[in-house]
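Residue-level structure breakdown
The residues making up each chain are set out below.
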Amino acid sequence: MVQKRVKKLASLDKNTRIALEKIVRDIITGNIQYYDTKKLTGSPYYRIRKGNIRIIFDRNGKTGIIKKIDFRGDIYKKFGK
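Residues numbered from 1 in each chain as written. Predicted model: local features only at pLDDT ≥ 70, side-chain atom pairs only at ≥ 80, totals over all residues. Heavy atoms only, no water.

Topic: the packing of aromatic side chains
A ring pair, where both rings are aromatic, is described by two values, the distance of the centres and the angle of the planes. We apply this condition: Here a Phe, Tyr or Trp ring, Trp counted by its six-membered ring, pairs with any other such ring whose centre lies within 6.5 Å, and the pair is stacked when the planes are under 30 degrees apart, edge-to-face when over 60, and tilted otherwise. A positively charged side chain is recorded as over a ring if its NZ (Lys) or CZ (Arg) lies within 6 Å of the ring centre. The angle to the ring normal must also be within 35 degrees.
With the rule as written, the count across this model stands at one aromatic pair. Above the ring of tyrosine 46, the side-chain terminus of lysine 39 is found at 5.7 Å from the ring centroid. One Lys or Arg, arginine 59, reaches over the ring of tyrosine 46 and ends 5.1 Å from the middle of that ring.

Looking at the sheet that holds strand β1 (residues 37-39)
Where we set the bar: Here the rule is simple: two strands pair whenever DSSP picks up at least two bridges between them. Numbering of helices and strands starts at the N terminus; helices are DSSP runs of H or I of at least 4 residues and strands are runs of E of at least 2. Here an angle of 0 to 180 degrees is reported between the N-to-C directions of two axes, which are lines fitted to C-alpha atoms, with helices fitted over the stretch in contact. Contact definition: two residues touch when any of their heavy atoms are within 4.5 Å.
Across the sheet, which stays open at both edges, the four strands sit in the order β1-β2-β3-β4 with antiparallel pairing between neighbours. Both outer strands of the open sheet, β1 and β4 (63-71), are each paired with one neighbouring strand and no more. Averaged over all adjacent pairs, the angle separating strand axes in this sheet is 30°, with direction ignored. Relative to strand β3 (residues 53-60), strand β2 (residues 46-50) runs antiparallel, the two sharing five bridges. From the neighbouring strand, arginine 49 faces β3, where its bridge partner is arginine 54. Across the face of the sheet, helix α2 (residues 14-29) comes into contact with β2, β3 and β4 while running at roughly 150° to β4.

Focus: the environment of aspartate 58
Tracing the backbone through its elements, the reader meets aspartate 58 in strand β3. Spatially, the C-alpha atoms of aspartate 58 and isoleucine 27 are 9.2 Å apart, while their sequence positions differ by 31 residues.

Quick look at the nonpolar core
Short version of the rule: Joining through side-chain atoms within 4.5 Å is the link that ties buried Ala, Val, Leu, Ile, Met, Phe, Trp, Tyr and Cys residues into a set, and such a set is a nonpolar core. Only protein chains enter the accessibility calculation, which uses a 1.4 Å probe. A residue is then buried if its area is under 20% of the maximum for its type, exposed if over 50%, and partly exposed in between.
Formed by Leu12, Leu20, Ile23, Val24, Ile27, Ile32, Tyr46, Ile48, Ile53, Ile55, Phe57 and Ile69, the largest nonpolar core amounts to twelve residues. Looking at this core, the element that brings in the most residues is α2, giving four residues. Excluding residues within four positions of it along the chain, isoleucine 55 makes contact with Leu20, Ile23, Ile27, Tyr46, Arg47, Ile48, Ile66, Lys68 and Ile69.

A closer look at the pattern of salt bridges
Note the following rule: Salt bridges are defined as contacts in which a side-chain nitrogen from Lys or Arg sits within 4 Å of a carboxyl oxygen from Asp or Glu.
Applying the stated criterion across every chain, the model contains four salt bridges. Close ionic contact of arginine 49 with aspartate 36 constitutes a salt bridge, the shortest N to O distance being 2.6 Å. With arginine 49 in strand β2 and aspartate 36 in the loop between α2 and β1, this pair connects stretches of sequence that are 13 residues apart. We classify aspartate 36 as partly exposed; its relative accessible area is 38%. Put simply, aspartate 70 and lysine 68 hold a salt bridge, and the shortest N to O gap is 3.8 Å. In this pair, the class of aspartate 70 matches that of lysine 68, namely buried. Each of Asp36, Arg47 and Arg49 takes part in salt bridges that share partners, so that together they form one network.

Limitation: the analysis is restricted to geometry and does not speak to function.
Now the structure itself:
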């Protein structure tokens, strides 16, 4: 399962990968005030959008825990909205 995710993210262009890495670092450190963050309806999780990619995460105080990174059409089917 992890292999598929890594392969999918590795197929992205370099600029998108760099931007995603920065977003993930910012979520982990709690520095998300500049992103389009939205709480998912009926869920304790939040999401940040980057183009067609969605990052689902849980806020734990000031820091965040990444739950899933996937493309827009797939993430809500697999993860639930």
